[in-house]
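As a plain string of letters, each chain reads:
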Amino acid sequence: MSELCDILRNTMLASGHNLPDNRMVHQNIQIGLENVLRDLNPENAQSLPKEERKGNVTYGIDDAPPWYLCIFMALQHYLTMIGAIVAIPFILCPALCMQETDPDRSNIISTMIFVTGLVTWFQATFGCRLPIVQGGTISFLVPTLAILGLPTWKCPDSGTLSAMTDDERRLVWTTRMCELSGAIAVSALFQVFGGYFGIIGSLLRFVTPLTIAPTVALVGLTLFDHAAGAASQQWGIAAGTFTLLTIFSQCMSEVRIPTLTWKRASGFTIIWFPLFKLFPVLLTIAIMWVVCGVLTATNVFPAGHPARTDLKLNIIEDAPWFRVPYPGQWGVPTVSVAGVLGMLAGVLACTVESISYYPTTARMCAAPPPPLHAINRGLGTEGLGTMLAGLWGSGNGTNTFGENVGAIGVTKVGSRRVVQWAAGLMVVQGVVGKLGAVFIIIPQPIVGGLFCVMFGMISAFGLSALQYVNLNSSRNLYIIGFSLFFPLVLTRWMSEHSGVIQTGVEALDAVLQVLLSTSILVGGVVGCLLDNLIPGTDEERGLAAWAKEMSLETSGDSHGNTYDFPIGMSLVTRFKWTQYLPFMPTYEAGKFTALFKRKKES
């Protein structure tokens, strides 16, 4: 458009016309051209900015690929998230006092995947409307382990568990699951109300990179004991797992293999498929699983060895073909103050993590930065998903999957329609019980090798927020070092001295024990307080660069329907009161809080 304006102006000058200053001429010509385009084809004027935003992505956020392509693209998203989903029960189930051969392990996985599908579809369709996958998160494992580490919930010794009947053993873990379910559902109310009513959005100026870095990094650092425990069961298999994963994902990501395909127009053709870039985790699991199978068949691994592939086959046999998860399937959720406040740490960590994912996802999809109403709605929907995950009995909450955000950057497919199809695949898989059971029988050393990489990547993602701050500043280095190191020291000491807090009130003792044992909460609070209390310039703290990344004051009106509701927008725009609701596409920043200011002044 700008180049066309210059050409017209030069042509008018050559013909002898007298023109005013260049800026005024440029503006008048551009307005005239836009009006002409709009008159000739009303859709052209709106499509130009959209094409400019599309960038180098194959499918933009509002594009709808053909349904048959959507299925295969959705399968990529599904396969990307399934590795992270199935990793959670390997830590959660032992903490619940479940035996390794308990068939209900597969039902917990199916429940997680089922809820993931429901929440993902709702988030992409009516929530923030970004193509993000919402599902179980490692962030909730840290407070979960702190709660289950209380004297009340510690597991009986192995001899006592072995002497119990099946019903008695089931009662042991379902009682703990009900405690987790109630704590997760109630703590999620903070995110629901904080998101939909704009409370979190108004507090985002305090969530700085020096708050995000320790909060997210400690999620991975705190869980290193579990990675070590699983990998140490057979270090050779674990080392082979993370070695293959490193080779596939980092060294062979640009290697393409010839693949035979068929197209109606050209028939059979050969394409070069980036197999190692798209499926490094699945390839690694498949190869190492085969290796374990060969070593099992040749009896290199003795009977009962944790790396044998036939150790848990009864889980597949006992799992039902079809089973629809439902709320309260393990019993009525119970609520305690210690559990709720402990899980609140997981909710806060997920909130901080998702805030950093939203602008990143929008940039990868070549979409405009998410406006404040979309961020508010996204956080509220995530809280609603965590409530459903708790009530359904998944033992976990929901959060944005960083792996799927990365998949968008790799595949150049940012269409929300693809993620909606992926959500449908998750719901179907969550209903077919034997599919969930397959992932339970993965040998434990393979899982340990994956943990070494996955937990490290989570920590690295948290530390990547430091790119916005001045790392030459002694102030920043002090905050980073203390907010990372002190929580590890405190939580380790608290776990070894579980009865050290004696206030005289048992409920208060439990609350303080959980809070001080949750590293992500301690690290986030320390980082936030120090960064906002210790003097420092905006450039030093990285606030200027972070503000450009978030673009929180961006209005959604100028971006067409990217962040609008898919239905009902005519009703939303008809009523002026929708401008006061922080989650509505017509929301105008400041109007909601202005209502309370007027009441206070009057």
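The structure we're discussing is the one just above.
Residues numbered from 1 in each chain as written. Predicted model: local features only at pLDDT ≥ 70, side-chain atom pairs only at ≥ 80, totals over all residues. Heavy atoms only, no water.

A. Looking closely at the overall build of the protein chain. Looking only at helices and strands, the protein chain has 28 helices and four strands in total. For the protein chain, restricting intrachain contacts to residue pairs at least 6 apart in sequence, the fraction spanning at least 24 positions comes to 79%. Here the protein chain has roughly 27600 Å² of accessible surface; of this, 65% comes from carbon and sulfur atoms. (Helix = DSSP H or I, 4+ residues; strand = E, 2+ residues; numbered from the N terminus. Contact = heavy atoms within 4.5 Å. Areas by Shrake-Rupley, 256 points an atom, 1.4 Å probe, with all protein chains shown as cover.)

B. Up close: the environment of Met112. Mapped onto the fold, Met112 is located in helix H5 (residues 104–125). The sequence separation of Met112 and Gly136 amounts to 24 residues, and the corresponding C-alpha distance is 6.5 Å. For Met112, the contacting residues outside a window of four places in its chain are Ile85, Ile88, Pro89, Leu92, Ser394 and Asn396.

C. Layout of the pairing of strand S2 (residues 257–263). Note that S2 and strand S3 (residues 267–273) share seven bridges and pair antiparallel. Residue Thr259 lies in a different strand from S3, and its bridge partner there is Ile271. Where S2 folds back on S3, the antiparallel hairpin that results is connected by three residues. (Pairing = 2+ DSSP bridges.)

D. Broad picture of the state of the cysteines. Throughout the structure, instances matching the rule amount to one disulfide. Note that Cys97 is cross-linked by a disulfide to Cys155, the S-S spacing being 2.0 Å. Residues Cys97 and Cys155 are joined through a disulfide that is left-handed, its torsion about the S-S bond being -95°. With Cys97 in the loop between helix H4 (67–95) and H5 and Cys155 in the loop between helix H6 (141–148) and helix H7 (158–163), the pair connects residues that are 58 residues apart, well separated along the chain. Given the relative accessible area of 6%, Cys97 is considered buried. A residue is classified by how much of its surface remains accessible, and Cys155, at 35% relative accessible area, is partly exposed. Free of any disulfide, Cys128 has its nearest neighbouring cysteine sulfur in Cys365, separated by 9.9 Å. Given the relative accessible area of 1%, Cys128 is considered buried. (Disulfide = S-S within 2.5 Å. Buried < 20%, exposed > 50% of the residue type's maximum accessible area, 1.4 Å probe, protein only.)

E. Looking closely at the pattern of salt bridges. The tally for this structure, following the rule as stated, stands at six salt bridges. Where Arg416 meets Asp62, a salt bridge forms, and the shortest distance between an N and an O atom there is 2.8 Å. Here the residue Arg416 occupies a position in helix H19 (residues 416–431), and Asp62 occupies one in the loop between helix H3 (42–54) and H4, the gap between them amounting to 354 residues. In this structure Asp62 comes out as partly exposed when scored by relative accessible area, which is 25%. (Salt bridge = Lys/Arg side-chain N within 4 Å of Asp/Glu carboxyl O.)

F. Structural context of a nonpolar patch on the surface. On the surface, a cluster of nonpolar side chains totalling about 670 Å² of accessible area is made up of Val186, Leu189, Phe193, Phe197, Ile199, Leu203, Phe206 and Val335. In terms of residue count, helix H8 (residues 166–196) provides more of the nonpolar patch than any other element does, three residues in total. Topologically, Val186 is positioned in helix H8. (Patch = residues over 30% accessible without salt bridge, like charges linked within 9 Å, V, L, I, M, F, W, Y side chains within 5 Å.)

G. Inspection of the nonpolar core at higher detail. Of all hydrophobic cores here, the largest spans 107 residues; its most connected members are Leu96, Ile108, Leu130, Ile138, Phe451 and Phe455. By residue number, the principal contributor to this core is H4, which donates 14 residues. Excluding residues that lie within four positions of it along the chain, Ile108 makes contacts with Cys93, Met98, Trp173, Met177, Trp330 and Ser394. (Core = buried A, V, L, I, M, F, W, Y, C linked by side-chain atoms within 4.5 Å.)

H. Inspection of the packing of helix H22 (residues 474–496) against helix H24 (residues 519–533) at higher detail. At a closest axis distance of 9 Å, the pairing of H22 and H24 adopts a crossing angle of 155°. Taken together, the axes of H22 and H24 lie roughly antiparallel to each other. In this structure, H22 meets H24 at a crossing whose hand is right-handed. Between H22 and H24, the residues in contact are Arg475, Tyr478, Ile479, Phe482, Ser483, Phe486, Pro487, Leu490 and Thr491 and Ser519, Val522, Gly523, Val526, Gly527, Leu530 and Asp531, respectively. Partitioned by chemical class, the residues of the contact of H22 with H24 number nine nonpolar, five polar and two charged. (Axes fitted to C-alpha atoms, helices over the stretch in contact; angles between N-to-C directions. Parallel < 35°, antiparallel > 145°, perpendicular 65-115°, else oblique. Left-handed = near helix turned anticlockwise from the far one by under 90°. Nonpolar A, V, L, I, M, F, W, Y, C, P; charged D, E, K, R; others polar.)

I. Fine view of the side chain of Asn476. Along the polypeptide, Asn476 turns up in helix H22. Of the polar contacts made by the side chain of Asn476, one reaches the backbone oxygen of Asn470; its length is 2.9 Å. Among residues more than four places away in sequence, those in contact with Asn476 are Leu210, Val469, Asn470 and Glu540. (Polar contact = N/O pair within 3.5 Å; in protein donor to acceptor, adjacent residues only side chain to side chain.)

J. Looking closely at H19. Here H19 contains 16 residues, and its C-alpha end-to-end distance of 23 Å stays within 8% of the 22 Å for a straight helix at 1.5 Å per residue. Along H19, the residues that are buried comprise Arg416, Val418, Val419, Gln420, Ala422, Ala423, Met426, Gln429 and Gly430. Two to three positions downstream of the cap, the backbone nitrogen of Arg417 sits 3.1 Å from a side-chain oxygen, assigning the N-cap of H19 to Ser415. (Expected span 1.5 Å × (residues − 1).)

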